[in-house]
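Structural overview
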Amino acid sequence: MAADDLIDMEGTIEEVYPGGTFLVKTEHGNSVQAHLAGKLRRYRIRVVLGDKVTVAVSPYDLTKGRITFRHK
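Computed from a prediction, not measured in an experiment: that's the story for all the values here.

Here the focus is the pattern of salt bridges. For side chains of opposite charge, pairing can occur when their charged atoms come near one another. For the structure shown, the criterion picks out one salt bridge. Linking Asp 51 and Arg 70 is a salt bridge whose minimum nitrogen-to-oxygen distance equals 3.1 Å. Here Asp 51, found in the loop between α1 (38-42) and β4 (52-57), pairs with Arg 70, found in strand β5 (residues 64-70); they are 19 residues apart in sequence, far enough to count as distant. Exposure remark for Asp 51: the relative accessible area of 14% places this residue in the buried category. For Arg 70, a relative accessible area of 31% translates into the label partly exposed.

Structure below.
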């Protein structure tokens, strides 16, 4: 799947799980289990409880995604 096919949603971090996994509550009311994108790990951008983030979600499975941006 190409990166163009992903759906970008905005939400807030609700829970932090071990291993770099997070539970994100989106604006639409969905709960998405997401992990950090490579650039966020590479540049050691911290994501904590309550942060607003952008999540890239596959159109095939709307319950899993990747955190691609942390808003200030």
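In terms of nonpolar packing, the biggest core is built from 13 residues, with Ile 13, Phe 22, Val 24, Val 53, Val 55 and Ile 67 touching the most fellow members. Breaking this core down by element, the ones donating at least two residues are β1 (7-17), β2 (21-26), β3 (31-36) and β4.

Its place among the elements puts Lys 64 in strand β5. Through-space distance from the C-alpha of Lys 64 to that of Phe 22 is 10 Å; in sequence the pair is 42 residues apart. With residues up to four places along the chain from it excluded, the contact list for Lys 64 reads Val 32, Gln 33, Val 57 and Ser 58.

In sheet architecture, strand pairing relies on hydrogen bonds along the backbone and comes in two forms, parallel and antiparallel. Here we have five strands rolled up into a closed barrel, ordered β1-β2-β3-β5-β4, and mixed in their pairing. Strand-to-strand twist across the sheet, computed as the mean angle between neighbouring axes with direction ignored, equals 55°. Inspection of the sheet shows β1 paired to β4 by six bridges, in the antiparallel sense. What sits directly across from Asp 8, in β4, is Ala 56.

The element β2 is largely enclosed, with a buried count of five among its six residues. In this sheet, β2 lies alongside β1 in antiparallel orientation, the contact comprising six bridges. Bridging from a neighbouring strand, Glu 15 pairs with Leu 23 of β2. Between the end of β1 and the start of β2, which pair antiparallel, lie three residues, with Gly 19 showing a positive phi angle near 85°. Across five bridges, β2 lies against β3 in antiparallel orientation. Among the inter-strand pairings, Leu 23 is bridged to a residue of β3, identified as Gln 33. Between β2 and β3, which pair antiparallel and follow one another directly, the connecting turn spans four residues, one of which, Gly 29, has a positive phi of 95°.

Criteria and thresholds
Residues numbered from 1 in each chain as written. Predicted model: local features only at pLDDT ≥ 70, side-chain atom pairs only at ≥ 80, totals over all residues. Heavy atoms only, no water. Salt bridge = Lys/Arg side-chain N within 4 Å of Asp/Glu carboxyl O. Helix = DSSP H or I, 4+ residues; strand = E, 2+ residues; numbered from the N terminus. Buried < 20%, exposed > 50% of the residue type's maximum accessible area, 1.4 Å probe, protein only. Core = buried A, V, L, I, M, F, W, Y, C linked by side-chain atoms within 4.5 Å. Contact = heavy atoms within 4.5 Å. Pairing = 2+ DSSP bridges. Axes fitted to C-alpha atoms, helices over the stretch in contact; angles between N-to-C directions.

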